[in-house]
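Next come the chains, spelled out residue by residue.
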Amino acid sequence: MSPNVTITLSVSSLLLAKMNAFYNSFRVANPNEYVLWQAKVEDTLITAYKMKKEVSKVVFQGKQAEYEASLWKEGALGVATPSVQAPENGLYKNLYPQIGSDEVGTGDYFGPICVAAGYVTRESLPRLMELGVTDSKKMSDAHILEIGPILLKEFPYAQLCLDNPTYNKLRRQGLNMNEVKAKMHNAALLKLTRKFPEAHVYMDQFAESSLYYHYLQNEKEVVSGITFKTKGETAFPSVALGSVLARYSFLKHMDALEKKIGEKIPLGAGASVDEFASRYYRQHGIEALDAISKANFGNRKKVLGEE
Ligand code: MN
């Protein structure tokens, strides 16, 4: 990885237009709603952020950051350390430091369920924004795979993945999906809140809070005082971090599964998944299929012709 040289320029709309034209052929996709455009010159990322009024911020990151920024410094209004603010949700105030957790894989027939919790401070927030961390569902897998290793290095986290054999065993023992999720979130949060007991704790809500704590009634230790919010990854930067780390970990696990079986595995639970599943079942049998999938999904019934 390139060293993390980061330079931020404040630029007028006139200069921004010039930069836009200059980097036009180096454009890369960035679905972050706060990003106007992003360009990649060799291993240096140049990101223009949407700002209010006339002044925009352009962040240069990577080995050539200093050189690229030097092309524009003279005309810039200011050269600064990052100061991009997270969007504040009117109803839910972001308190720092904060820990947030989210899960990935619960809608995918194939592959594990991964939960991750991330820790964000007021000071580390600009860096998170700079890396384009937002709701993982709005980010490309390529972007997540690119920044995943950087996030793991720079942000404290806790994560765990439940493989298919273990998940299927828990389901046979009578646990529902939400109980599985609750136990995983609690485990990740326990680990991280032990390191940062002063942090505010946020979670992407998947069940009413009373139900969430009910699922954990037999656990030895439970993290309490959590603020739950549906679509929490758009309200809380730490939940966004959790969602991206969980997605990154899920993708890495899928990659390992694919290497193991020697073919590409489709995600989700749609038609291409059914198609793949029935062929895999015909070739390798039900045990092999169950070993890489969630056996309670309707996809399995279809494969076995029960529907
Ligand atoms: Mn979620």
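From a predicted model like this one, the values you see are computed outputs, not experimental measurements.

Each value, and the rule that gives it
- Residues numbered from 1 in each chain as written.
- Predicted model: local features only at pLDDT ≥ 70, side-chain atom pairs only at ≥ 80, totals over all residues.
- Heavy atoms only, no water.
- Core = buried A, V, L, I, M, F, W, Y, C linked by side-chain atoms within 4.5 Å.
- Buried < 20%, exposed > 50% of the residue type's maximum accessible area, 1.4 Å probe, protein only.
- Helix = DSSP H or I, 4+ residues; strand = E, 2+ residues; numbered from the N terminus.
- Contact = heavy atoms within 4.5 Å.
- Salt bridge = Lys/Arg side-chain N within 4 Å of Asp/Glu carboxyl O.
- Donors = N, O, S within 2.8 Å, 3.2 Å for Na, K, Ca; no water.
- Patch = residues over 30% accessible without salt bridge, like charges linked within 9 Å, V, L, I, M, F, W, Y side chains within 5 Å.
- Areas by Shrake-Rupley, 256 points an atom, 1.4 Å probe, with all protein chains shown as cover.
- Pairing = 2+ DSSP bridges.
- Axes fitted to C-alpha atoms, helices over the stretch in contact; angles between N-to-C directions.
- Phe/Tyr/Trp six-rings, centres within 6.5 Å; stacked < 30°, edge-to-face > 60°.
- Lys NZ or Arg CZ within 6 Å of the ring centre and 35° of its normal.

Novice: Which parts of the structure should I look at to understand the nonpolar core?
Specialist: Across soluble globular proteins, nonpolar side chains show a tendency to be buried alongside one another. Formed by 66 residues in total, the largest nonpolar core has its most connected members in Ile99, Phe110, Val133, Leu151, Leu189, Tyr212 and Ile226. Among the elements that make up this core, the one with the highest residue count is helix H9 (residues 237-261) (10 residues). Here tyrosine 212 is in contact with Ala182, His185, Asn186, Leu189, Met203, Phe206, Ile226 and Phe228, once residues within four sequence places are set aside. Core analysis: the next-biggest nonpolar cluster, separate from the first, contains 18 residues, Tyr23, Val58, Phe60 and Ala76 among them.

Novice: Explain the pattern of salt bridges here, please?
Specialist: Once the charged atoms of two side chains with opposite charge are near each other, the side chains can pair. What the rule picks out here adds up to 13 salt bridges. Among the ionic pairs, lysine 40 bridges to glutamate 146, the shortest N-O distance being 3.9 Å. Taken together, the residues lysine 40 in strand E3 (residues 35-41) and glutamate 146 in helix H4 (residues 141-154) connect sequence positions 106 residues apart. The exposure class assigned to glutamate 146 is partly exposed, which follows from its relative accessible area of 31%.

Novice: Is there a simple way to explain the coordination of the manganese ion in this structure?
Specialist: Ideal coordination angles are 109.5 degrees for a metal with four donors arranged tetrahedrally and 90 or 180 degrees for a metal with six donors arranged octahedrally. At this site the manganese ion is bound by Asp102 (OD) and Asp204 (OD), with donor distances of 1.9 to 2.2 Å. Note that aspartate 102 is positioned in strand E7 (residues 98-104) and aspartate 204 in strand E10 (residues 200-204), a separation of 102 residues in sequence. We note that aspartate 102, like aspartate 204, is buried.

Novice: Whenever I open this one, a nonpolar patch on the surface confuses me. Can you help?
Specialist: On the surface, a nonpolar cluster with roughly 300 Å² of combined accessible area is contributed by Phe22, Tyr67 and Leu71. Here leucine 71 lies in the loop between helix H2 (65-70) and strand E6 (78-80). Assessed through its relative accessible area of 38%, leucine 71 is described here as partly exposed.

Novice: What is the right way to look at the sheet that holds E7 in this model?
Specialist: Hydrogen bonds between backbone atoms are what pair the strands of a sheet, whose relative direction is either parallel or antiparallel. Ordered by their spatial adjacency, 5 strands build an open sheet running E9-E8-E7-E10-E11, and the pairing between neighbours is mixed. Sheet topology places strand E9 (157-162) and strand E11 (226-229) at the edges, where each strand pairs with a single neighbour. Across the sheet, the mean angle from the axis of one strand to that of its neighbour is 15°, orientation sign disregarded. As paired elements, E10 and E11 share 4 bridges and run parallel to each other. Note on E11: the bridge partner recorded for aspartate 204 is lysine 229.

Novice: Explanation requested: the packing of aromatic side chains in the structure shown.
Specialist: What describes a pair of aromatic rings is the distance from one ring centre to the other and the angle between the planes of the rings. Inspection of every chain in the model, using the stated rule, returns 14 aromatic pairs. With a centroid separation of 5.0 Å and 90° between ring planes, the pair formed by phenylalanine 22 and tyrosine 23 is classed as edge-to-face. The class of tyrosine 23 is buried, set by a relative accessible area of 0%. Connected via pairs of aromatic rings, a cluster forms that spans Tyr109, Phe110, Phe276, Tyr280 and Phe297. In this structure, arginine 279 is placed above the aromatic ring of phenylalanine 276, and the distance from its NZ or CZ to the ring centre is 5.2 Å.

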